[in-house]
Amino acid sequence: MSSSSARKRLTPKRIVPPFSTESLQKNTRVAAPPKTPQKRYFLQPRATSFRMFYDRGDLPIKMDYLIGGFKIAWTVDIDKLDYGLYLPLFFDGLSETQHPYKTYARQGVQDLLAHGGDKIYPVIPQLIIPIKNALNTRNNETMCVTLKIIQQLVMSSDLVGPALVPFYRQLLPMFNAYKVKNLNCGDNIDYAQKNNMNLGDLIDETLQVLERHGGEDAFINIKYMVPTYESCYIN
């Protein structure tokens, strides 16, 4: 084999654009067609009823801006509100992740639970789907806030804990999926734990509240849905 032919075989072919005069030249290679960019499809967030009522101005709340921040204020006496309408509506807003919707919804739920008393129990079945939707967002902040709301809900009335037991099959699957989701920061400071926003710890804490206030059938139903859960009464 001559040195000139060997040199030709070792020389890489020059890449040229397709359908050009250069593609007719020797020692050239037509460039491959460009790849079609892969489209990404994002699921649009569910439009909550809470947002619709807020945008229409149908909610009896307003924002009070204070020196240290802001809080919501009720334009009517909270004790005179129809809990059958407003409590499920504000719970529906727990799925919101944007201000001001999430701020109004979260603070509104807390206020309603703090003043509800015996008016909360009849509305329990209407709260299950909004709670489930908030947990299914898989948003860490939204889930942590919802878990705290569940704890407040259970402790708002002696009737609520046992009333939630039949709905564990709808509520606890996400508990089981995220129970071991704790942050391991090593030697670093875990600011989420400081702010009580550690998802795994909040799930354990919420399950204990459900067991303590759910009556004699609470533990066996929790254990069925979350097999790794251990009773808080076991020393």
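Calculation rules
- Residues numbered from 1 in each chain as written.
- Predicted model: local features only at pLDDT ≥ 70, side-chain atom pairs only at ≥ 80, totals over all residues.
- Heavy atoms only, no water.
- Helix = DSSP H or I, 4+ residues; strand = E, 2+ residues; numbered from the N terminus.
- Contact = heavy atoms within 4.5 Å.
- Areas by Shrake-Rupley, 256 points an atom, 1.4 Å probe, with all protein chains shown as cover.
- Axes fitted to C-alpha atoms, helices over the stretch in contact; angles between N-to-C directions.
- Parallel < 35°, antiparallel > 145°, perpendicular 65-115°, else oblique.
- Left-handed = near helix turned anticlockwise from the far one by under 90°.
- Nonpolar A, V, L, I, M, F, W, Y, C, P; charged D, E, K, R; others polar.
- Salt bridge = Lys/Arg side-chain N within 4 Å of Asp/Glu carboxyl O.
- Buried < 20%, exposed > 50% of the residue type's maximum accessible area, 1.4 Å probe, protein only.
- Expected span 1.5 Å × (residues − 1).
- Polar contact = N/O pair within 3.5 Å; in protein donor to acceptor, adjacent residues only side chain to side chain.

Caption draft 1: Region of interest: the overall build of the protein. For the protein, the helix and strand inventory stands at 12 helices and 4 strands. Here the contacts in the protein between residues at least 6 apart in sequence split such that 63% fall between residues at least 24 apart. Surface exposure of the protein reaches about 15,000 Å², of which carbon and sulfur atoms provide 54%.

Caption draft 2: Structural detail: the packing of helix H6 (residues 140-154) against helix H11 (residues 199-213). Following both chains from N to C, one finds H6 and H11 inclined at 20°, their axes separated by 10 Å at the closest point. The angle between the axes of H6 and H11 places the two elements in the roughly parallel class. Crossing hand, H6 versus H11: left-handed. Taken together, the residues of H11 that come into contact with H6 (itself represented by Asn140, Met143, Cys144, Leu147, Lys148, Ile150, Gln151 and Val154) are Leu199, Leu202, Ile203, Glu205, Thr206, Val209, Leu210 and His213. Classifying every residue of the contact of H6 with H11 by side-chain character gives 10 nonpolar, 4 polar and 2 charged.

Caption draft 3: Region of the structure containing the environment of Glu141. On the secondary structure map, Glu141 appears in helix H6. Each C-alpha atom, one on Glu141 and one on Leu199, is 8.6 Å from the other, the two residues being 58 residues apart in sequence.

Caption draft 4: Structural detail: the pattern of salt bridges. In total, this model carries 5 salt bridges according to the counting rule given. Arg56 is the salt-bridge partner of Asp58, the closest N and O atoms lying 2.8 Å from each other. In this structure, Arg106 and Glu141 form a salt bridge, with 2.9 Å as the shortest nitrogen-oxygen distance. Here Glu141 lies in helix H6 and Arg106 lies in helix H4 (residues 101-116), a separation of 35 residues in the sequence. Judged by its relative accessible area of 11%, Arg106 falls in the buried class. Under the relative-accessibility criterion, Glu141 is labelled partly exposed at 33%.

Caption draft 5: How the structure looks around the environment of Gly84. Inspection of the secondary structure assignment puts Gly84 in helix H3 (residues 83-92). Counting along the chain gives 36 residues from Gly84 to Ile120, while the straight-line C-alpha distance between them is 8.4 Å. The residues contacting Gly84, other than those within four sequence positions of it, are Val123 and Gln126.

Caption draft 6: Fine view of the environment of Pro122. Counting through the fold element by element, Pro122 comes out in the loop between H4 and helix H5 (124-135). Note: C-alpha distance between Pro122 and Gly84 (38 residues apart in sequence) is 7.9 Å.

Caption draft 7: Up close: H6. Its 15 residues give H6 an end-to-end C-alpha distance of 21 Å, which sits within 8% of 21 Å, the value for a rise of 1.5 Å per residue. Within H6, 11 of the 15 residues are buried, which leaves it mostly tucked inside the rest of the structure. Taken together, the buried positions of H6 are occupied by Thr142, Met143, Cys144, Val145, Thr146, Leu147, Ile149, Ile150, Gln151, Leu153 and Val154. Buried residues in H6 make contact with H3, H4, H5, helix H7 (160-164), helix H9 (173-178) and H11. Its side-chain oxygen at 3.1 Å from the backbone nitrogen of Glu141, Asn139 defines the N-terminal cap of H6.

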